[in-house]
Amino acid sequence: MSNIAAIFGGSGFIGRYVAKRLASEGWRVLVAVRRPNEALFVRTFGVPGQVEPVLANVRNEASVQAVVQGCSAVVNCVGILSESGRQKFSSVHVDGAASIARAAAESGADRLVHFSSIGADTGSESEYARTKGAGEAAVQREFPGAVILRPSVVFGAEDEFFNRFAKMARLSLVLPIVGAATKFQPVYVGDLAKAANLAANGMAEPGIYELGGPTVEDFRTLMMRMLDVIRRKRLVLNLPVFAARPLAGSLDVLQFVSGGLFQNRILTRDQIKQLSRDNVVGPDSLTFDDLEIQPTAMDLILPEYLYCYRHAGQFAEIHESSDEMKPNGNGA
């Protein structure tokens, strides 16, 4: 088969990096999304005609089957952090994943790469983690040779983790968090793209890979790291679960009664359940080492995109240098 790859969710945070990586390797890339007109920017990832957004909805199996025809590799980057409208955990993480895997197998695709997450577990109390686990099982049932990638929290220029809290820190003197002691192993999105590229090219053994960066830190420490990068002093306040649950419940109810006009992207009850467990690579897992990828340190990447949250933005370091040269500064 020709080197054509279909990337479902290819305009999203992780998907766009995978698309750009595959394009740089000479692949023709079909970026399968629900709204192709909003994904036209992916065309810049390659030469004219190499990367194209196409219409597909993982909840519509016919549209999925139409996209994968003639593809030698299929990558599923579709996932949601919270439910809204018809985008339910079960319909996206389980039914959608199964649909993509089944279509890939039936079309004769050579390889399938499926993005899941660390903590995926069919026995989890969290519906997010439970459906992620069920989705993995469905993928392996439909496409036994699939490569499943489970990242910890992902960082990069468009992330919804450090960016989210940096925006809060710019507006508030207090940074409330839930699960301050929960451990994470943040992984750079570019490293995930490298892993997906290896898998799409048949250079990764089938199985489940847990992918984390070189550093394990708790939630509070990560927030302090972020605050140091953006040069702001804030009180990182840990909300106990008994206080966070009513708040999350009220926000969930508000989303429901508003008919989706209000989207709860602040804190959900399911996210509280997720934050009760560490999000780090397991001791017996396949990892970046098995892919011969050296994960990138946060210190090398965070300043590249978080600088905009500093008081003087991109000119912060210039201001700091000039302050040191003033008569009453450290430079005099």
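Computed from a predicted structure; not experimentally measured. Once a new chain begins, its residue numbering starts again from 1 and follows that chain's sequence as written. Residues qualify for local features only when their pLDDT is at least 70, as the model is predicted, and side-chain atom pairs are given and counted only at 80 or more; totals for whole chains, interfaces and linings, by contrast, use all residues. Only heavy atoms go into the side-chain values, all of them from the structure, while hydrogens and water stay out.

(A) Representation of the pattern of salt bridges in the model. In what follows, salt bridge is the name for a side-chain nitrogen of Lys or Arg lying within 4 Å of a carboxyl oxygen of Asp or Glu. Tallied over the entire structure, the rule returns ten salt bridges. Here E210 ties to R150 by a salt bridge, and the two come within 2.8 Å at their closest N and O atoms. Taken together, the positions of E210 in strand β11 (residues 207-211) and R150 in strand β6 (residues 147-151) put the pair 60 residues apart, joining distant regions of the chain. Exposure is judged per residue with a 1.4 Å probe applied to protein chains only, and the accessible area is read against the type maximum: over 50% gives exposed, under 20% gives buried, and values in between give partly exposed. Taking relative accessible area as the criterion, E210 reaches 8% and is therefore assigned buried. The buried category is assigned to R150, whose relative accessible area is 13%. Each helix corresponds to a stretch of at least 4 residues labelled H or I by DSSP, and each strand to a stretch of at least 2 residues labelled E; elements are numbered beginning at the N terminus.

(B) Summary view of empty space enclosed by the protein. A pocket here means an open set of points on a 1 Å grid, computed over the protein atoms alone, that has protein on both sides within 12 Å along at least five of seven lines. A cavity is instead a set of points where a 1.4 Å probe fits but cannot get out; residues with an atom within 4 Å of a point line either one. Grid points are joined across faces, edges and corners, and a volume is the space filled by probe spheres set on the points. In the structure shown here, the tally under the stated rule is one cavity of 30 Å³ or more. When its volume is computed, the largest cavity comes out at roughly 50 Å³. At the level of secondary structure, the elements contributing two or more residues to the lining of the largest cavity comprise α3 (89-107), β5 (111-115) and α4 (127-142). Within the lining of the largest cavity, the residues separate by chemical class into four nonpolar, five polar and one charged. Note that Gly is not counted as nonpolar here; it falls among the polar residues with everything else outside the nonpolar set of Ala, Val, Leu, Ile, Met, Phe, Trp, Tyr, Cys and Pro and the charged set of Asp, Glu, Lys and Arg.

(C) Here's a closer look at the packing of aromatic side chains. Here the aromatic set is Phe, Tyr and Trp, taking the six-membered ring for Trp, and pairing holds for ring centres within 6.5 Å; pairs whose planes are under 30 degrees apart are stacked, those over 60 apart are edge-to-face, and all others are tilted. Under the criterion given, the structure shown has ten aromatic pairs. An angle of 75 degrees between the planes, with centres 6.1 Å apart, marks the rings of F41 and F45 as edge-to-face. Given the relative accessible area of 32%, F41 is considered partly exposed. Among the residues examined, F45 registers a relative accessible area of 16% and is labelled buried.

(D) Region of interest: α4. What a helix is expected to span follows from its residue count: subtract one and scale by 1.5 Å. When the terminal C-alpha atoms of α4 are compared, their 22 Å separation across 16 residues agrees well with the 22 Å that a helix rising 1.5 Å per residue should span. Those residues of α4 that fall on the buried side of the exposure criterion are Y128, A129, T131, K132, G133, G135, E136, A138 and V139. Where the residues of α4 are buried, they touch α3, β5, β6, β11 and α9 (269-274). Any two residues whose heavy atoms approach within 4.5 Å at even a single point are treated as in contact.

(E) Representation of the layout of surface pockets. For the second largest pocket, the calculated volume is near 440 Å³. In this structure, the second largest pocket is lined by 20 residues; those nearest its centre are E83, K88, D252, Q255 and R269. Breaking the lining of the second largest pocket down by element, the ones donating at least two residues are α8 (241-257) and α9. Considering each element in turn, the lining of the second largest pocket owes the most residues, four residues, to α8. Across the lining of the second largest pocket, the residue classes break down as four nonpolar, nine polar and seven charged.

(F) Local environment of the packing of helix α2 (residues 61-68) against α3. Lines fitted to the C-alpha atoms define the axes, with helices restricted to the stretch that makes contact. Angles between their N-to-C directions range from 0 to 180 degrees. Remark: α2 packs on α3, axes separated minimally by 9 Å, with the N-to-C direction vectors making an angle of 40 degrees. Considering the angle they form, α2 stands oblique to α3. Of the two elements, α2 crosses α3, and the hand of that crossing is right-handed. Where α2 abuts α3, its residues E61, V64, Q65 and V68 lie against S99, I100, R102, A103, A104, E106 and S107. In terms of residue class, the contact of α2 with α3 is made up of five nonpolar, three polar and three charged. In this scheme, roughly parallel covers angles under 35 degrees and roughly antiparallel covers those over 145, while 65 to 115 is roughly perpendicular and the rest are oblique. Each helix crossing is assigned a hand: it is left-handed if the near helix lies turned anticlockwise from the far helix by less than a right angle, otherwise right-handed if that turn is clockwise.

(G) Summary view of the sheet that holds strand β3 (residues 51-55). If DSSP finds at least two bridges between two strands, the strands pair. Strands sit in the order β3-β2-β1-β4-β5-β6-β11 across an open sheet of seven strands; the sheet is parallel. A single partner strand is all that each edge strand has here, and the edge strands are β3 and β11. Across the sheet, the mean angle separating the axes of adjacent strands is 20 degrees when strand polarity is ignored. In the sheet, strand β2 (residues 28-33) pairs with β3 via five bridges, with the strands oriented parallel.

(H) How the structure looks around a positive patch on the surface. Patch definition: residues with relative accessible area over 30% and no salt bridge; like charges joined within 9 Å; nonpolar side chains (Val, Leu, Ile, Met, Phe, Trp, Tyr) joined within 5 Å. What sets the accessible areas is the Shrake-Rupley method with a 1.4 Å probe; for residues, cover comes only from the shown protein chains. This count recognises Lys and Arg as positive and Asp and Glu as negative, with His and chain-terminal groups excluded. The atoms used to mark charge sites are NZ of Lys, CZ of Arg, CG of Asp and CD of Glu. There is a patch of like positive charges on the surface, built from R34, R35, R59 and R86. With respect to the secondary-structure elements, R34 resides in the loop between β2 and β3. Classification of R34 as partly exposed rests on a relative accessible area of 37%.

(I) Region of the structure containing helix α6 (residues 189-200). Spanning twelve residues, α6 covers 16 Å between terminal C-alpha atoms, matching the ideal 16 Å at 1.5 Å per step. For α6, every residue scored as buried is listed here: V189, G190, D191, L192, A193, A195, A196, N197, L198, A199 and A200. Positive phi shows up at G202, right after α6, with a value of about 75 degrees.

By themselves, these observations are geometric and do not establish any function.
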